[in-house]
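Chain residues, written in single-letter form:
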Amino acid sequence: MAVGSKGSPWALRFTTLTVVLIPVAVGINYVGKLFAAALKLPLWLDSIGTVLAGMLAGPWVGAISGAVNNAIFGITADPISFWYLITSIAIGLVVGYLAFTGWISSFGRAVVLGLIVGAVAAVVSTPINVILWEGQTGNVWGDALYTALVGSGWPIWLASFLDEVVVDIPDKLATVIVSFLIFKALPERLVGLFGGARGEVASL
C-alpha cells in the first residue's frame, strides 16, 4: 500500500519489509535502553530503532515504530512511557522527513540532524515534564541544572527546557550517529528496498 505522491517523503508504504522493520526497531530501542542502564550512562539511547526506521522507511514508519515502542514499554514496564509517546512520534517524523531530503548524505549532516532531533525532543518533552514532574527529567545532570536555575529564580518552564536540553542534545546526537553508522553498514540493495532516504546509502 502506498499513500502520497510518488517521490514524496510523506508517502506511506507498507510492505513485508516495513512491517518486519517496526518490531525490529522496537527491539533495538529496548537494547539501547538496557545498554544505557547497565552502564549507568546519563543518556537514554532508547530511540535508535525509531531513528533507524525513519531513515530506512520514511517519517510514518519511524513515527509508528516510536509509538509502538512507547506503548509496549508503557504496558510492560512503566506507564509513564505512554506520555512520551508523542515525543517518539515527533522524532520518527522529523528523522524520516529530513533523511529523505538529504540529511544523512554525509556524517557531518547526520551530526546536525542529531542536534535538530535533540532540540525537537526537548521542545516536545518539556510540557510533559512540567505536568508530570514539576519540570524535572529524572536525569541527574539535567535535574542538577534545573535545581540550580529554579533556586536562582528562573521560570520553571525555562529551567525545565534547559534541563531537557542538556540531556536530549547529547542523547539524540549519539542516537542519530549510531543509527547513521548502522544505516551506512547495511547493503545498498537492502536500503533501496525500503525507499525512505531515497535509497541513498550515506558516505563519510
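Anyway, here's the lowdown on the structure attached to this text. Bear in mind that the values here come from a model prediction, so they are computed numbers and not experimental data.

**What about the overall build of the chain?**
Each helix and strand in the chain was counted, giving 8 helices and 2 strands. Start at the N end of the chain and walk to the C end: the helices and strands fall as β-β-α-α-α-α-α-α-α-α. For a compact globule of 204 residues, the expected C-alpha radius of gyration is about 17 Å, and the chain comes in at 17 Å, within 12% of that figure. In terms of its C-alpha atoms, the chain occupies a principal-axis envelope of roughly 55 × 35 × 35 Å. When each of the 204 residues of the chain is scored for burial, the buried share is 43%. The contacts in the chain between residues at least 6 apart in sequence include a share of 66% that link residues at least 24 apart.

**Focus on empty space enclosed by the protein**
Tallied over the entire structure, the rule returns 1 cavity of 30 Å³ or more. Each pocket or cavity is described by its volume, and for the largest cavity that value is around 30 Å³. Residue lining of the largest cavity: 10 residues in total, with Pro-9, Ala-11, Arg-13, Gly-58 and Gly-195 positioned closest to the centre.

**As for helix 2 (residues 48-57)**
Burial analysis of helix 2 places 10 of its 10 residues in the buried class, the great majority of the element. When helix 2 is considered as a whole, its buried residues turn out to be Ile-48, Gly-49, Thr-50, Val-51, Leu-52, Ala-53, Gly-54, Met-55, Leu-56 and Ala-57. The elements touched by buried residues of helix 2 are helix 1 (16-38), helix 3 (59-76), helix 4 (85-100), helix 5 (107-133), helix 7 (156-185) and helix 8 (188-194).

**Re the pattern of salt bridges**
Following the criterion strictly, the structure yields 3 salt bridges and no others. The closest approach of N and O atoms between Asp-46 and Lys-33, which form a salt bridge, is 4.0 Å. Of this pair, Asp-46 sits in the loop between helix 1 and helix 2 while Lys-33 sits in helix 1; the two residues are 13 residues apart in sequence, bridging distant segments of the chain. Its relative accessible area of 22% is what places Asp-46 among the partly exposed residues. The shortest N-O distance in the salt bridge between Lys-172 and Asp-171 comes to 2.8 Å.

**Overview of the packing of aromatic side chains**
If you walk through the whole model with that rule in mind, you get 4 aromatic pairs. Judged by centre distance (5.6 Å) and plane angle (70°), the rings of Tyr-30 and Phe-73 are edge-to-face. Note that Tyr-30 is positioned in helix 1 and Phe-73 in helix 3, a separation of 43 residues in sequence. Given the relative accessible area of 17%, Phe-73 is considered buried. Taking 5.9 Å as the distance between ring centres and 65° as the angle between the ring planes, the aromatic pair formed by Phe-107 and Phe-180 counts as edge-to-face. Placement of Phe-107 in helix 5 and of Phe-180 in helix 7 is noted, with a sequence separation of 73 residues between them. The class for Phe-180 is buried, based on a relative accessible area of 0%. Feature note: the residues Trp-10, Trp-60 and Tyr-97 constitute an aromatic cluster, connected by ring pairs. The ring of Trp-103 is capped by Arg-109, whose NZ or CZ atom sits 4.2 Å from the centre of that ring.

**A look at the layout of surface pockets**
Taken as a whole, the largest pocket encloses approximately 780 Å³ of empty space. For the largest pocket, the lining is made up of 33 residues, of which Lys-33, Trp-44, Asp-46, Tyr-84 and Thr-137 are closest to its centre. Among the secondary structure elements, those contributing two or more residues to the lining of the largest pocket are helix 1, helix 3, helix 4, helix 5, helix 6 (140-151) and helix 7. Per element, the largest residue contribution to the lining of the largest pocket is 5 residues, and it comes from helix 1. Within the lining of the largest pocket, the residues separate by chemical class into 15 nonpolar, 12 polar and 6 charged.

Rules behind the numbers
Residues numbered from 1 in each chain as written. Predicted model: local features only at pLDDT ≥ 70, side-chain atom pairs only at ≥ 80, totals over all residues. Heavy atoms only, no water. Helix = DSSP H or I, 4+ residues; strand = E, 2+ residues; numbered from the N terminus. Rg over C-alpha atoms; globule rule 2.2 N^0.38 Å. Buried < 20%, exposed > 50% of the residue type's maximum accessible area, 1.4 Å probe, protein only. Contact = heavy atoms within 4.5 Å. 1 Å grid on protein atoms, 1.4 Å probe; cavity = no way out; pocket = protein on both sides within 12 Å on 5 of 7 lines; lining within 4 Å. Points joined across faces, edges and corners; volume = space filled by probe spheres on them. Salt bridge = Lys/Arg side-chain N within 4 Å of Asp/Glu carboxyl O. Phe/Tyr/Trp six-rings, centres within 6.5 Å; stacked < 30°, edge-to-face > 60°. Lys NZ or Arg CZ within 6 Å of the ring centre and 35° of its normal. Nonpolar A, V, L, I, M, F, W, Y, C, P; charged D, E, K, R; others polar.

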